[in-house]
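Here is what each chain is made of, one letter per residue.
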Amino acid sequence: MNRRRWLLHVVICALAHRKGRTVLLLAVLAMASSLATALGIVSSSMEKRVAEEVRKYGANLIVIPESARLDIGSGGLNFGVVSETAYLEQKVVEEVLVKSGLKAEVSFHLRGALHMKNADILVEGVNFSDIRRLFPWWQLKGSWPGSGEAVIGNDLASRMKLKAGDLVELTGDDKKIQLRISGIVASGGEEDGLLFMALPELQQILGLGNKLTLVRLMVTAGGDSLKTSASALQTLLPAAKVIEVRQTARTSEGLLAKVKLLMLMVTAVVLVSAGSSVAGTMSTTVLERGKEIGLMKAMGGTRWEVMLIFCGEAAMLGTLGGVTGYLFGSVIAQFITRTVFSASAEFLPWFSCVSLGVSLAIALLGSVGPMISVFRLDPVRSLRGE
């Protein structure tokens, strides 16, 4: 029997001989690693779930032009401020977005007033393919518009007595256009009072080719990363104002951060308790096996070789506890996410390494004190029973 097989044989026999303590240590290590695994999987799954939910809130960055302002007054009198409508250049914005390297979904907007049925109405030009991605909460009765079609807000449709399928004539700057209403949109916001048409058509009828009044961006970043993105974009667009729209997102992310902190604190308490339990149990084992340790040293075993046996026992317990903890932790994570969050936890096989690492760390670190006692144990005194 070679040295490694002999060491493995001694370790297995030692653990099997003390079944009660072996089962207790396995249970403690499995509990600690399963909790770390479960909370880690839940935290990871919920972070992605929150990110998906935040996307439903729409754009998180808005770019608007800086309005041209002129103070009107004479002498010490101030009659107010006159603002001139300002626009963004679509080509400039597109070039800046490419240059910045931002990963974002973009929606270009142009808002203006057109004449319809003896009344002026607000019209917004958009690309409807972008709208469908950035405004998932829109409730549309009818169909999304194609060429020569538009959608109208619910309030405006009621006021103008229009329905899906009606033809409307819009006039602006001596230009006319006929559009068919393909659907009526309800969002509960300002969109209910607008008429939406294709961006190029509105730019043409208003005589504002390549002009924009608003750009909405859904940037795939959060927290400080979003602030950095907004700052970088502001630097590249000095003639515009970049605004964060993150009230709801910040609330969701703040709540998630607090839940994660709570999970981390609970895990830390359990790991410390498990480490203390392992240390106490291993210390008791060393005291009970004093004569056995003394005999091994008296027979020629070095201090390092004897300590290696205890280290092997701790490593084997840690490995078994880690594997068991990962299996139980995955089940617990599924139970928590389905019961509390009404969602399904992700299958994350790499968390098996986390579970194994936690279990091994607790087993080995908890055995440091007992192994030092083994290293210092005097074989003569231990054989005498002192």
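Only a predicted model underlies this, so the values are computations on that prediction, with no experimental measurement involved.

**Student:** How do you make sense of the overall build of the protein when you look at a structure like this?
**Tutor:** In terms of regular secondary structure, the protein is built from 13 helices and 14 strands. Buried residues in the protein amount to 41% of all 386 residues. If you take every contact in the protein between residues at least 6 apart in sequence, the share linking residues at least 24 apart comes to 76%.

**Student:** Can you walk me through helix α3 (residues 90-100) in this structure?
**Tutor:** Residues that lie three or four places apart on an α-helix share one face, since the helix turns once every 3.6 residues. Taken together, the buried positions of α3 are Q90, V93, V96 and L97. Down the axis of α3, the sector holding all buried residues measures 125 degrees, keeping them to one side. Opposite the buried face of α3, by more than 90 degrees, sit the exposed residues K91, E95, V98 and K99. Positive backbone phi, at 75 degrees, marks G101, one or two positions downstream of α3.

**Student:** Teacher, can you tell me more about the confidence of the model for the protein here?
**Tutor:** Detailed reading of the predicted coordinates is not advisable wherever pLDDT falls low. Here the protein shows a mean pLDDT of 79. Residues at 70 or above account for 77%. By mean pLDDT, the top-scoring element of the protein is strand β11 (residues 195-198) (94), and the lowest-scoring one is strand β2 (residues 68-74) (43). Low confidence marks residues 68-79, where pLDDT is under 50. Its contacts with residues over four positions away, or in another chain, come to 19 contacts.

**Student:** Before we go on, may I ask you to explain the nonpolar core in this structure?
**Tutor:** In globular proteins that are soluble, nonpolar side chains generally tend to be buried together. Membership of the largest hydrophobic core comes to 42 residues, with the highest contact counts inside it found for V63, L170, L195, M197, V215 and L217. Beyond its immediate stretch of four places on either side in the chain, L217 contacts A59, N60, L61, V63, L97, A104, E105, V106 and L233. Residues V28, V270, V358 and A363 belong to the second largest nonpolar core, which totals 15 residues.

**Student:** Is there a simple way to explain the packing of aromatic side chains in this structure?
**Tutor:** Centre-to-centre distance and the angle between the planes together describe a pair of aromatic rings. Scanning the entire structure with this criterion turns up five aromatic pairs. An angle of 45 degrees between the planes, with centres 5.4 Å apart, marks the rings of F135 and W138 as tilted. For F135, a relative accessible area of 6% translates into the label buried. By relative accessible area, W138 is classed as buried at 9%. Put simply, the rings of F128, F135, W138, W144 and F196 pair up and form one aromatic cluster.

**Student:** Looking at this model, I keep getting lost on a nonpolar patch on the surface. Mind explaining?
**Tutor:** Together, L261, L264 and M265 line one region of the surface with nonpolar side chains, adding up to about 320 Å² of accessible area. By the secondary structure assignment, L264 is in helix α8 (residues 247-288).

Procedures and definitions
- Residues numbered from 1 in each chain as written.
- Predicted model: local features only at pLDDT ≥ 70, side-chain atom pairs only at ≥ 80, totals over all residues.
- Heavy atoms only, no water.
- Helix = DSSP H or I, 4+ residues; strand = E, 2+ residues; numbered from the N terminus.
- Buried < 20%, exposed > 50% of the residue type's maximum accessible area, 1.4 Å probe, protein only.
- Contact = heavy atoms within 4.5 Å.
- Arc of directions from axis to C-beta.
- pLDDT = per-residue confidence, 0-100.
- Core = buried A, V, L, I, M, F, W, Y, C linked by side-chain atoms within 4.5 Å.
- Phe/Tyr/Trp six-rings, centres within 6.5 Å; stacked < 30°, edge-to-face > 60°.
- Patch = residues over 30% accessible without salt bridge, like charges linked within 9 Å, V, L, I, M, F, W, Y side chains within 5 Å.
- Areas by Shrake-Rupley, 256 points an atom, 1.4 Å probe, with all protein chains shown as cover.
- Salt bridge = Lys/Arg side-chain N within 4 Å of Asp/Glu carboxyl O.

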